[in-house]
Protein chains: 8
Amino acid sequence: MDEDALRRLLSAVSDGEVHPDDAVARLRRLPFADLGFARVDHHRALRQGAPEVVYGPGKSPEQCAAIVGELLAGGTGPVVLSRADEAQRAAALAVDDSATVTGAGLATVVWRPSPPGSRRVVVVTAGTADLPVADECAATLAAWGIVARRLDDVGVAGLHRLLSSLDDVLDAEAVVVVAGMEGALASVVGGLVGVPVVAVPTSVGYGASLEGVTALLSMLASCASGVSVVGIDNGFGAACAISRLFRVTP
Amino acid sequence: MDEDALRRLLSAVSDGEVHPDDAVARLRRLPFADLGFARVDHHRALRQGAPEVVYGPGKSPEQCAAIVGELLAGGTGPVVLSRADEAQRAAALAVDDSATVTGAGLATVVWRPSPPGSRRVVVVTAGTADLPVADECAATLAAWGIVARRLDDVGVAGLHRLLSSLDDVLDAEAVVVVAGMEGALASVVGGLVGVPVVAVPTSVGYGASLEGVTALLSMLASCASGVSVVGIDNGFGAACAISRLFRVTP
Amino acid sequence: MDEDALRRLLSAVSDGEVHPDDAVARLRRLPFADLGFARVDHHRALRQGAPEVVYGPGKSPEQCAAIVGELLAGGTGPVVLSRADEAQRAAALAVDDSATVTGAGLATVVWRPSPPGSRRVVVVTAGTADLPVADECAATLAAWGIVARRLDDVGVAGLHRLLSSLDDVLDAEAVVVVAGMEGALASVVGGLVGVPVVAVPTSVGYGASLEGVTALLSMLASCASGVSVVGIDNGFGAACAISRLFRVTP
Amino acid sequence: MDEDALRRLLSAVSDGEVHPDDAVARLRRLPFADLGFARVDHHRALRQGAPEVVYGPGKSPEQCAAIVGELLAGGTGPVVLSRADEAQRAAALAVDDSATVTGAGLATVVWRPSPPGSRRVVVVTAGTADLPVADECAATLAAWGIVARRLDDVGVAGLHRLLSSLDDVLDAEAVVVVAGMEGALASVVGGLVGVPVVAVPTSVGYGASLEGVTALLSMLASCASGVSVVGIDNGFGAACAISRLFRVTP
Amino acid sequence: MDEDALRRLLSAVSDGEVHPDDAVARLRRLPFADLGFARVDHHRALRQGAPEVVYGPGKSPEQCAAIVGELLAGGTGPVVLSRADEAQRAAALAVDDSATVTGAGLATVVWRPSPPGSRRVVVVTAGTADLPVADECAATLAAWGIVARRLDDVGVAGLHRLLSSLDDVLDAEAVVVVAGMEGALASVVGGLVGVPVVAVPTSVGYGASLEGVTALLSMLASCASGVSVVGIDNGFGAACAISRLFRVTP
Amino acid sequence: MDEDALRRLLSAVSDGEVHPDDAVARLRRLPFADLGFARVDHHRALRQGAPEVVYGPGKSPEQCAAIVGELLAGGTGPVVLSRADEAQRAAALAVDDSATVTGAGLATVVWRPSPPGSRRVVVVTAGTADLPVADECAATLAAWGIVARRLDDVGVAGLHRLLSSLDDVLDAEAVVVVAGMEGALASVVGGLVGVPVVAVPTSVGYGASLEGVTALLSMLASCASGVSVVGIDNGFGAACAISRLFRVTP
Amino acid sequence: MDEDALRRLLSAVSDGEVHPDDAVARLRRLPFADLGFARVDHHRALRQGAPEVVYGPGKSPEQCAAIVGELLAGGTGPVVLSRADEAQRAAALAVDDSATVTGAGLATVVWRPSPPGSRRVVVVTAGTADLPVADECAATLAAWGIVARRLDDVGVAGLHRLLSSLDDVLDAEAVVVVAGMEGALASVVGGLVGVPVVAVPTSVGYGASLEGVTALLSMLASCASGVSVVGIDNGFGAACAISRLFRVTP
Amino acid sequence: MDEDALRRLLSAVSDGEVHPDDAVARLRRLPFADLGFARVDHHRALRQGAPEVVYGPGKSPEQCAAIVGELLAGGTGPVVLSRADEAQRAAALAVDDSATVTGAGLATVVWRPSPPGSRRVVVVTAGTADLPVADECAATLAAWGIVARRLDDVGVAGLHRLLSSLDDVLDAEAVVVVAGMEGALASVVGGLVGVPVVAVPTSVGYGASLEGVTALLSMLASCASGVSVVGIDNGFGAACAISRLFRVTP
């Protein structure tokens, strides 16, 4: 039951065509009933302020293309296709090739990004191998119009590298820390700044890195209080967490 | 907004006191709005056919007593206080001492059980140490009026023990298998009968039993297809799964 | 010793050709003795009401073909070849090509499915990527004549999607919930309905999803009591659990 | 070398008393040298906008009292003693008994909280047993002057409980979700709101809850993008993450 | 149906009182039917050559006493009460106090041990802290009349300690290796001797010992081929494995 | 220093050419000194009664060929090349092609097997997919002249399959149980027979099978006492454990 | 066979009383034979340069006292009783009360420490709660005459604390880093200094700290190359690793 | 700000061109400020005495080549490219082909190694399959001029192999133990020598080896005190740990 149907029902009650008791019967399961949410995604995007996002893995290229096409047709805001493989990208770009593509294996594709704003977000990586995850984060942020400053390869084994860019970090409104191996960078950054720090463990490293679990646990157990964490390699999730942040104060 | 309020609103529309558009405005967020669910638990109990259940751990004795008192006052069906420690039991029984108490450390307390029915459920245990979990399961089933037949200490190390009671097992409409250590009994029972088998891993055993994780994994990986599993030591959950079963065919 | 042999032995006793003591000697280890169970699988299928199922992985294409051929020849009911790769399918279909094949990589092949019945089972998936597991479940159910209603892509991140189809869910006699990532859908569905809910964790997701372990644990620890769980990606097992359900009340 | 010493050195250079080369020699290891950071904690509190926090576990009552005393003497802002046991609390309160104490076993003690502000933060719990963690979170927030609205016992097994308070949730600037067992509440809330959601897994539950690990993994793998997570039972950490949030937009 | 009943049935067939077809009907489910296994444990003990063993944990003192009493009354061989706590021991010894008790916390109680034989079994421990597990093993072996030679505190950190007793080890017919920490002793002993080596990991050690899991994994992954392993701290199980060994060649 | 060198030294002492004190000096570190163990493997093979075994993985084809060649040249007993891939097999067979090869991917290659003996060993598998591991076990046993009886596909989901071959199992001097999934077969067999049971968990199964870990844990936690376990998929190790067994009583 | 026995044998050969062949027979198993190693511990202490160490856990007070007494009587160097509980300490001090005792619950007791040397070792802790582990390390080092400089509570959440003491760290010949939670301090220190860094993870922290496992993994996966790690809470082990270091260059 | 800039600033102060207060302003955040660390790696290499090391994984061939080129141009000491795949090696060797390459899949490439010194380091492996890790270790050591003696295939299953080379081990200044499977060799070597032992667990083995985790845990839990451990397969890290060792005593 969508709003029009609701309006018709109530008009019918108003007109005496439907008895209030019958309307009650039809409405009383409403808390869990169908309000015609075919339009729901657009509505939700509006409510959450988020761009439409399609998560690629597990979808066929055709499915990706169809969903992207529908989203582009149904709204005017940004549309993101996340973690898309080559076939998925090809299919989706065939629908509309005006997108930017970030990444090689699994890429982030963005249509109609919001215009660049003035938010000061820094995305910090511990090492060169963490770059793809940071790229995913930055590309997703760009869809929201957030142009992240990048600070790469500043892992704690050479502390001076981070310290020498301290001004950028101290000036940020929010920091994303992308780090594999032992993920210690999150703690160090968390101790330096007072603004929100979202930590992204990466599967970079080998042996005791346990494909990112060590960095994940390390970040969760961080001695720098108030660092919050998203899943392993989840640059996309970190971008979403950052975007939520700025909805507090539009 | 509860049903009465809804009725009043609709009557007002019917009477022309409220314009349909205004009613739409008030109703349109209903899918997630408050319908006055103070009565919700009773409604839900009715809808699910489940007794009211209060999960003890983490609640103060006073909280337990208050909730049990409210549930007893608000309905006429069975009420269960699950995993209650001694203080919680004392507080709740002070409200109404007409309950049956099953178990020693953490007990199951049942008020106003449904009258015994004719469902044929067998609760099988692998060893004597699994009895408390099976007791919890049986006590919870009794609240629904399901009188479980018990078949204890029939672990697979002495297969004849199970086989000698095979008729009971084959005659059941559903079987709960409670087993710790390696949990192999679930697979054996699952292979013998065609009716639903709910497996409950227990934390019985030591060393490689990993406090029930081994039995849990073993049951999930069972070679007997169609065995489904609840959490470790969760006799209560198994009883709930069984009770759901009989709602299919009232 | 099969039934005929048993009959001959007893006739010989009856005829005085065999002394009772000698018969005792031959029979007394019978609890563990051979009754000529070459026909056992057919007998068991009969007793359990289950179709004949061949689990593909680890079997050579020739073995698959031979077993399927024997099952088709030896009975008249449904025969299922589960998780068959392309070579296994080819070999089995060469024996009898009247089967339906569901799935791409590892497929479910069904010969002689039972005619569609009227059971109301809903198979719910959290996301598009969970579809192959749900397909396996539905294809296996179809072998039993259970035509599952599908409700796809209704994960809890957009609760309205589930709520808008609530009637279907509330009307079901049993629900299978297929979900990866954090598997929260099982708890939500389990809280909404009172009928049996079988949860299937899937290996969908990455990072902290731990290839399905997170969803598995989440479902086992569900706050919705009475949800039971099968192994990761085990759509087949969920179908078997559902089929057991309906043997209670034929 | 503190600022005064630096000034003296440079004055000496300016006065010709010290040759620039000698000054270089003394200064060139400055990036890692001591600038007289005895005042550092106060400075850092200022920079980060955080109250002074003393983490209790592992400190003797005497150490707790001494540190709290020093912090109270050295500043005028809020001081928090976190996770203090009874002896630690007694010792610290003996220094200054004007504090509020929240919690029973391990308590949060707050001196000189900031005056209540107008930030709209909601702390949601799945069940009664999650309350102590939520209390720790709220007590810590209160030190910053953030008065959290509480929404307790709204776990997803009874979705209506959450939905009936949806307005509060939708109105919040940030939400903390505290949940044990399978932690599904974080995903549901994350899907409903667009503002920052900090999820706190708790060790509530048993068996497959793995003392909070299941909820932790579940929250990290959440299908609701942009939910970020802190450590198990870490209500304090969630409060810190929330407080960082509001430093972005003072 | 026990042997007598079977005999009576067959006599009835022989006498023409029962038709062979009726006997078939009664007998054909025999593979899983009851043969009157009230005597089963004695029969099984006979068949397996094992003493009667009662596993203490999870049983009430009364249950322990009753089972031990029944076993002592019903046979003439050894009876073992394993892992009995103080109350269980007291209750069981009240039935018959002619037992030997080994161990302090959880003890092994043996009635009517077999007379000492000439089997050459060596039980080797890595450190003093492994002694209780080795004691349990030796006490259980003694019930079978196997007098184990003990070789204690010969861990690989001081290889000479083992090497200096090499003759004893080389002379053994079987070796039990009891070791915690990293369990390396199993590999070293396994490499030195050609006879069966049963390794028992113990929960001795801390940190990375993971309460015995490290030793367990280490022994399973041993580079000395043919070492087999029982569960953590399972001295009883190792004794059982050894006793099985000597049933091959009575 | 090999035996010849030792003899020469002692002859020199005997002849007065070397003073006893000098000989002491050269001999006194002997416990850790070099006795010229270039021939050590032959000596060890002799002492342990084991065939020469070369473990393939991680060795180059050339290394495999060289070691096999040396072993064949240096002795007359059986030589086994274990887990050899195709290139390793080709290289080793080029040295001496009189071997039997068992297995496809990683194969067991045996030269000069001992003549078949009369030991009665049964190798039991739970399912068809466990066959490769059982084959490795049997092929290795064959090198020692142990002709294992095979009992395949008798998993506990269809208990009758095992029971119908009970005589073979009861007649065995030792049983190897090869099972994946939940590994319950080991417990069932362990409960039926009194002789040594060596359990081999396999990586067969998926989801909660955890690539063999579930079966491994299950076997270690078996309720059938005295079952001992080797590593996952380690058919070779089980064969070695069995072979050790028969060295006790030649 | 000890050295005297060896001398007598060789003298007998020299005197013609024993034939060289007979001596060969007796000597040829020498590589693994008994050389009378009753004196071995003293010899080993000498060879390794280590003090005599008795590991307390699992030993009775009497055993502790006896071993300590024997070591004190048999040598003149330092003797350490590690991780001794109160009863063990009392018993050992009753033998000789001239020891220093460090720690409260489980203490380190040192008799006859080596005189303080000039080695420059720094023991760094991340937080106050890590002190007991650092104390154990320092107390053990003191037995070797190594007086460690302590640098406490310099965790990376407040980097300035470490940096302000950088000179001490840079001046050290070796550094022990003791840290719980996420253990990031090891990486930071490892990146700052070029000398050996031994990292000790502690079980300090909660939730995702996993009782030290997170710090352990973090240190093993450290991005600062060449940091080596000992077990959780193993301050004793770190002291031993440091002491080994200085044996390279006496 | 690099040293030159610093010098210029101070000269300006000295010349009265810059007021000391202004210089203070520019210098006072120096502890965290930028000193123009473009040359930092050279400086750090100098301070730590380590060669320049480039970690290959995650870098593009072009990045590897650029960094190696810069390092070769900017200094005169050794340069190491670690874990480089074929494309990375090709790119880097195109810059300067005077390097030695060790390893096949992921190789260690060394330019301008230090001249061979006289340090006595032994790298011990348990089995042939551990050789690649040992090779990586030795190749990295060679960059520092440390020529490691190799002792391969001396795993504890054949203890004599190690014992027969005992002199080499006892003569070493430091030992690296490289072992997979159960990693017992580290404990045995740790017990034999008093010098530093760095243990490297390898992912060699299968089943219970858990891809190196078993060896890792085993080494951490070693009963030989003072053995320190690096990550799985981390031959490079072990070399770094050894190189740190020799910086203590130049």
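Use the structure listed above.
These notes cover the structure that comes with them. Just so it is clear, the model here is predicted, and its values are computed rather than measured.

What follows covers the overall build of chain A. Looking only at helices and strands, one finds 11 helices and nine strands in chain A. Within the span of chain A, comprising 250 residues, buried residues form 61% of the whole. Long-range contacts, defined here as pairs at least 24 residues apart, represent 66% of the contacts in chain A between residues at least 6 apart. Surface summary for chain A: the accessible area is close to 8,600 Å², and the carbon and sulfur share equals 52%.

Another point: the pairing of strand S2 (residues 79–84) of chain B. Residues and elements named next belong to chain B. Where burial is concerned, most of S2 is hidden: six out of the six residues are buried. A crossover connection joins strand S1 (residues 52–55) to the parallel S2 through helix H4 (residues 61–74); in handedness this β-α-β unit is right-handed. For S2 and strand S4 (residues 107–111), the ladder comprises four bridges, and the chain directions are antiparallel. Looking at S4, one finds that Ala-84 is bridged to Ala-107.

Right, let's talk about the pairing of strand S7 (residues 174–179) of chain F for a bit. All names here are of chain F. Burial of S7 is extensive: six of the six residues sit out of reach of the surface. Residues Ala-174, Val-176 and Val-178 line one face of S7 and the alternating positions Val-175, Val-177 and Ala-179 line the opposite face, and both faces are buried. Both strand S5 (residues 121–125) and S7 contribute to a ladder of five bridges, which runs parallel. Note on S7: the bridge partner recorded for Thr-125 is Val-178. For S7 and strand S8 (residues 197–201), the ladder comprises five bridges, and the chain directions are parallel. Across the sheet, the residue bridging to Ala-179 is Pro-201, located in S8.

The next thing to look at is the relation of the copies chain A and chain D. If you rotate chain A by 179° and push it 0.2 Å along the axis, it lands on chain D with an RMSD of 0.3 Å. Taken together, the rotation and translation relating the two chain copies correspond to the operation of a two-fold axis. Among all residues of chain A, the one whose C-alpha sits closest to the rotation axis is Val-229 of chain A, at a distance of 2.5 Å. Mapped onto chain D, 100% of the interface residues of chain A again fall at the interface, so both copies present the same surface.

Time to look at unusual backbone geometry. Here Asp-153 of chain A, not a glycine, exhibits a phi torsion of approximately 65°, which is positive. As for its placement among the helices and strands, Asp-153 of chain A is situated in the loop between strand S6 (149–151) and helix H7 (159–163). In this structure Asp-153 of chain A comes out as partly exposed when scored by relative accessible area, which is 32%. You will see that Arg-83 of chain C, though not glycine, has its phi angle at about 55°, which is positive. Tracing the backbone shows Arg-83 of chain C in strand S2 (residues 79–84). With relative accessibility at 11%, the residue Arg-83 of chain C sits in the buried group.

Residue and element names in this part refer to chain H. Where helix H4 (residues 61–74) contacts helix H5 (residues 86–95), the axes come no closer than 8 Å and their chain directions differ by 35°. Viewed along their axes, H4 and H5 form a crossing whose handedness is right-handed. Here Pro-61, Cys-64, Ala-65, Val-68 and Gly-69 of H4 lie close against H5, whose contacting residues are Ala-87, Gln-88, Ala-91, Ala-92 and Val-95. Looking at the contact of H4 with H5 residue by residue, the class counts come to eight nonpolar, two polar and no charged.

What counts, and at which threshold
Residues numbered from 1 in each chain as written. Chains lettered and ligands numbered in written order. Predicted model: local features only at pLDDT ≥ 70, side-chain atom pairs only at ≥ 80, totals over all residues. Heavy atoms only, no water. Helix = DSSP H or I, 4+ residues; strand = E, 2+ residues; numbered from the N terminus. Buried < 20%, exposed > 50% of the residue type's maximum accessible area, 1.4 Å probe, protein only. Contact = heavy atoms within 4.5 Å. Areas by Shrake-Rupley, 256 points an atom, 1.4 Å probe, with all protein chains shown as cover. Right-handed = clockwise from strand over helix to strand, strands pointing away. Pairing = 2+ DSSP bridges. Least-squares fit on C-alpha atoms with pLDDT ≥ 70 in both. Axes fitted to C-alpha atoms, helices over the stretch in contact; angles between N-to-C directions. Left-handed = near helix turned anticlockwise from the far one by under 90°. Nonpolar A, V, L, I, M, F, W, Y, C, P; charged D, E, K, R; others polar.

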